[in-house]
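Observations on the three-dimensional arrangement
Listed below are the residues making up each chain.
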Amino acid sequence: MTTSSTTDQIPNALVNAIDCQQGAVRAVRFNVDGFYCLTCGSDKTVKLWNPHMERLLKTYSGHGFEVLDACASHESSMVASCGLDKTVMVFDVATGQVLRKYRGHAGAVNCVAMNEESTCLFSGSIDCTIKVWDLRSKSRDAMQVMDEAKDSVSYLETSDHEIIAASLDCKVRRYDIRMGLVMSDHLGKPITCSYLTKDGQCLVNNTADNTVKLIDKETGQLLNEYRGHKHANYRIESVLNNKDSYILSGSEDGKVVVWDLVDGKVQTTLDHIPGKPVHSLSFHPKENCLLTAVESRIYLWK
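In what follows, the accompanying structure is described. Nothing here was measured: the structure is a model prediction, and the numbers come from that model.

Within the protein chain, the regular secondary structure consists of zero helices and 28 strands. Over its C-alpha trace the protein chain gives a radius of gyration of 18 Å, about what one expects of a compact globule, namely 19 Å for 302 residues. A principal-axis box enclosing the C-alpha atoms of the protein chain has dimensions of 55 × 45 × 30 Å. Here the protein chain, with 302 residues, has 57% of them falling under the buried criterion.

Following this line, the structure appears as structure tokens:
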């Protein structure tokens, strides 16, 4: 369904559909330049793909249970992953060798993120903590623990000096590393995804009340609400396109819903498998290109 002539700027043409053959795909992530992507599987593996050519490049094994999230370092030499086995792992991209294995969390680890220098690894867990791991050290202990959350930490994003953390305790927290401060905004419903706009002025938040909320980062003021998708029971993600003009969110009814950032109107929907949640999305950092995950498949839209 399309509702606007601007859809030529939205990746609404399905180019590839890849069966990852790793059980349910829990997350899909472009790498920093968008040439490759990572998929996290319920079969305990992380896979590296060239999604544009539908080519599997490497499989990373070592987790004892489902893998829930992964990220690549900015120079693309390392892959970090986490999962239901309570561990955080770091792999060498080329060889697949396990470089680090961290076991500090008391429960499943939902999300991982690296800083731009790829010197620190951050992990968020169902144990209500964020742990910081020093990738330059051989120590297996976290160098810092942030325990402000009262429920599961569901999503992490990093910038040059900030950590954005979404939690099921209905709060999004912003850790200012330079100032040593933590700020929080209460959004009233569990938050499954939170990230900065590219200008660093606003936060986009997926909340489990069928809305996406745009708030001012500094004041917490609600700037806009986006409706039209279903999000109440699953961990659903959204993304901004690379020009910050559209918000694209997964939905529990098998669609991706696209809104105009400014006026909040639905521009189009991308149909997947009816009734099957579209839970993970990743937008290409430079091109007009989207990856989505449903069941065992990932979909490339251009």
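Once the structure has been displayed, the description carries forward.
Turning to the sheet that holds strand 21 (residues 222–227), a few remarks are in order. An order of 18-19-20-21 is seen for the four strands of this open sheet, with the pairing classed as antiparallel. Here the strands that pair on one side only, and so sit at the sheet edges, are strand 18 (191–196) and strand 21. Recorded for the sheet is a direction-independent mean angle of 20° between the axes of neighbouring strands.

Here we come to the environment of F65. Looking at where F65 falls in the secondary structure, it is placed in the loop between strand 5 (55–61) and strand 6 (67–72). On a C-alpha basis, the gap between F65 and E157 in space is 24 Å, while along the polypeptide they are 92 residues apart. Not counting the four nearest positions on each side in its chain, F65 is found in contact with K44, L84 and D85.

A separate point is the packing of aromatic side chains. This structure, assessed with the given rule, holds four aromatic pairs. Taking the centre distance of 5.5 Å and the plane angle of 45° together, the rings of Y60 and F91 count as tilted. Of this pair, Y60 sits in strand 5 while F91 sits in strand 8 (residues 88–92), placing them 31 residues apart in sequence. Judged by relative accessible area, which is 0%, F91 ranks as buried. With centroids separated by 4.5 Å and ring planes inclined at 15°, the aromatic side chains of Y102 and W133 adopt a geometry described as stacked. Residue Y102 is found in strand 9 (residues 98–102), and its partner W133 is found in strand 12 (residues 130–134); the two are separated by 31 residues along the sequence. The exposure class assigned to Y102 is buried, which follows from its relative accessible area of 2%.

Bridge count between strand 8 and strand 9: four bridges; the pairing is antiparallel. Each bridged residue has a counterpart across the sheet, and for F91 the counterpart in strand 9 is V98.

This part covers the side chain of N115. Counting through the fold element by element, N115 comes out in the loop between strand 10 (109–114) and strand 11 (120–125). Within the structure, the side chain of N115 is placed 3.2 Å from the side chain of E117, a separation counted as a polar contact. From its side chain, N115 meets the backbone nitrogen of S118 in a polar contact 3.0 Å long. In contact with N115, not counting residues within four places along its chain, are H74, C120, F122 and T158.

On the surface, F35, Y36 and L57 cluster together into a nonpolar patch covering about 280 Å² of accessible area. Checked against the element boundaries, F35 lands in the loop between strand 2 (25–30) and strand 3 (37–41).

This brings us to the sheet that holds strand 25 (residues 266–271). Strands pair in a sheet through their backbones, by hydrogen bonds, and they do so in one of two ways: parallel or antiparallel. One open sheet holds the four strands; their spatial order is 22-23-24-25, and the pairing between them is antiparallel. The sheet terminates laterally at strand 22 (238–240) and strand 25, the two strands that pair on one side only. Neighbour-to-neighbour, the strand axes of the sheet open up by a mean angle of 20°, direction not taken into account. As judged from the three bridges shared by strand 22 and strand 23 (residues 246–250), these two strands associate in the antiparallel manner.

Let us now look at the nonpolar core. Most often, soluble globular proteins have nonpolar side chains that are buried together. V172, V204, Y226 and I247 are the most contacted members of the largest nonpolar core, which totals 21 residues. The set of elements that each furnish at least two residues to this core consists of strand 15 (162–167), strand 18, strand 19 (202–207), strand 20 (211–216) and strand 24 (255–260). Of the residues forming this core, the biggest block, four residues, is contributed by strand 18. Not counting the four nearest positions on each side in its chain, Y226 is found in contact with N210, T211, V212, L214, I247, W259, D260, L261 and G264.

This paragraph deals with the pattern of salt bridges. Applying the stated criterion across every chain, the model contains 14 salt bridges. Residues R26 and E66 are paired through a salt bridge, measuring 2.7 Å at the closest nitrogen-oxygen approach. With R26 in strand 2 and E66 in the loop between strand 5 and strand 6, this pair connects stretches of sequence that are 40 residues apart. A relative accessible area of 32% places R26 in the partly exposed class.

Consecutive residues of a regular strand have side chains that alternate between opposite faces of the sheet. A two-sided burial pattern is seen for strand 26 (residues 280–283), the buried positions comprising S280 and S282 on one face and L281 and F283 on the other. As judged from the four bridges shared by strand 26 and strand 27 (residues 290–294), these two strands associate in the antiparallel manner. Residue pairing across strands places F283 opposite L290, the latter belonging to strand 27. Counting the residues that bridge the hairpin from strand 26 to strand 27 gives six residues.

Criteria and thresholds
Residues numbered from 1 in each chain as written. Predicted model: local features only at pLDDT ≥ 70, side-chain atom pairs only at ≥ 80, totals over all residues. Heavy atoms only, no water. Helix = DSSP H or I, 4+ residues; strand = E, 2+ residues; numbered from the N terminus. Rg over C-alpha atoms; globule rule 2.2 N^0.38 Å. Buried < 20%, exposed > 50% of the residue type's maximum accessible area, 1.4 Å probe, protein only. Pairing = 2+ DSSP bridges. Axes fitted to C-alpha atoms, helices over the stretch in contact; angles between N-to-C directions. Contact = heavy atoms within 4.5 Å. Phe/Tyr/Trp six-rings, centres within 6.5 Å; stacked < 30°, edge-to-face > 60°. Polar contact = N/O pair within 3.5 Å; in protein donor to acceptor, adjacent residues only side chain to side chain. Patch = residues over 30% accessible without salt bridge, like charges linked within 9 Å, V, L, I, M, F, W, Y side chains within 5 Å. Areas by Shrake-Rupley, 256 points an atom, 1.4 Å probe, with all protein chains shown as cover. Salt bridge = Lys/Arg side-chain N within 4 Å of Asp/Glu carboxyl O. Core = buried A, V, L, I, M, F, W, Y, C linked by side-chain atoms within 4.5 Å.

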